[in-house]
Amino acid sequence: KHWGNVSGGTPEFLLAEMRRLNNDLRAKPGDPIKGKVVFTANCAQCHQIFGEGNAVGPELTQANRMDTEYMLGSMVNPNMVVRKEYVQFAVETKDGGYYNGLISERSPGSVTLLNANSVKTTIATGDIETIEEAGLSLMPEGILTPLSPDDVRDLFAYLQLKEAPAKN
């Protein structure tokens, strides 16, 4: 109603992006130590791996991290498959406020949303005009776009480590 239709890139664009990134990943190995820095700067706001990061999105330590195609697909098109516990909701309040996030708590008297910045907002049920499932992930599309090919390789090298790197 307020934002119009929200949709990702065309299937052709997404496929081309996957191919480009796959080619970048195959060009040479990445550095997992540098990849941890890339993860911390770009992913740890919402995801945890090896006990580090925030628990807004899925925890990645036990995820299907060794499947490069799966990981790339999840990053290039985060809205393709969104598990129900990570579906974003849009709330409009009676005073015209707009909020979005995951429902982290719900009671007869209130709804608490958790946004991508790990900020919780509790809204009294009586103040809600509408609450709708957005059907979208909190993870933004194009998360890899600002990264250089080396950064992407380093990130994947870190994400695909079998165990946490030794702490210095």
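In this text, all values refer to a predicted model and were calculated from it rather than measured experimentally.

Calculation rules
Note on numbering: residues in each chain are counted from 1, in written sequence order. At least 70 in pLDDT is required for a residue's local features to be given in this predicted model, at least 80 for side-chain atom pairs to be given and counted, and no such filter applies to totals for whole chains, interfaces and linings, which use all residues. Only hydrogens and water are set aside; all other atoms, that is, all heavy atoms of the structure, feed into the side-chain values. Among buried residues, those of type Ala, Val, Leu, Ile, Met, Phe, Trp, Tyr and Cys that are joined through side-chain atoms within 4.5 Å constitute a nonpolar core. Three exposure classes are used, based on accessible area relative to the maximum for each residue type with a 1.4 Å probe and protein chains only: buried under 20%, partly exposed in between, and exposed over 50%. Runs of H or I in DSSP of at least four residues are treated as helices and runs of E of at least two as strands, each being numbered from the N terminus. By the convention used here, residues are in contact when the closest approach between their heavy atoms is within 4.5 Å. Pairing of aromatic side chains here covers Phe, Tyr and the six-membered ring of Trp, requires ring centres within 6.5 Å, and sorts the geometry by plane angle: under 30 degrees stacked, over 60 edge-to-face, intermediate tilted. pLDDT: the predictor's confidence for each residue, scored from 0 to 100.

A. Inspection of the nonpolar core at higher detail. Grouped together as the largest cluster of nonpolar side chains are 23 residues, with contacts concentrated most on Phe 39, Met 75, Leu 144, Leu 155 and Leu 159. For this core, the elements supplying multiple residues, two or more each, are α1 (11-27), α2 (32-42), α3 (68-76) and α4 (149-159). Tallying contributions element by element places α4 first for this core, with five residues. Sequence-distant contacts of Phe 39, defined by excluding residues within four places in its chain, comprise Ala 44, His 47, Gln 48, Ile 49, Glu 52, Leu 60, Leu 155, Tyr 158 and Leu 159.

B. Structural context of the packing of aromatic side chains. Evaluation of the coordinates by the stated rule reveals two aromatic pairs. Both rings, one in Phe 39 and one in Tyr 158, keep their centres 5.7 Å apart while their planes meet at 50°; by these two values the pair is tilted. Separated by 119 residues along the polypeptide, Phe 39 in helix α2 and Tyr 158 in helix α4 bring together distant segments of the chain. Here Phe 39 falls in the buried class, since its relative accessible area comes to 2%. Relative accessible area serves as the criterion here: at 2%, Tyr 158 is assigned to the buried category. With a centroid separation of 5.8 Å and 75° between ring planes, the pair formed by Phe 50 and Tyr 158 is classed as edge-to-face. You can see Phe 50 sitting in the loop between β1 (48-49) and β2 (52-53) and its partner Tyr 158 sitting in helix α4, a full 108 residues away along the chain. For Phe 50, a relative accessible area of 17% corresponds to the buried category. Grouped by ring-pair contacts, the aromatic residues Phe 39, Phe 50 and Tyr 158 constitute a single cluster.

C. Broad picture of the confidence of the model for the protein. Residue-level pLDDT values for the protein average 90, and 94% of them are 70 or greater. The secondary structure element of the protein with the lowest average pLDDT is α1, at 90, and the one with the highest is α4, at 97. With pLDDT under 50 throughout, residues 1-6 is counted as low confidence; its partners more than four residues away or in other chains account for six contacts.

D. Just the side chain of Asn 77, in detail. One can find Asn 77 in the loop between α3 and β3 (87-93). Judged by its relative accessible area of 17%, Asn 77 falls in the buried class. In this view, Asn 77 contacts Leu 14 and Glu 141; residues no more than four positions away in its chain are not counted.

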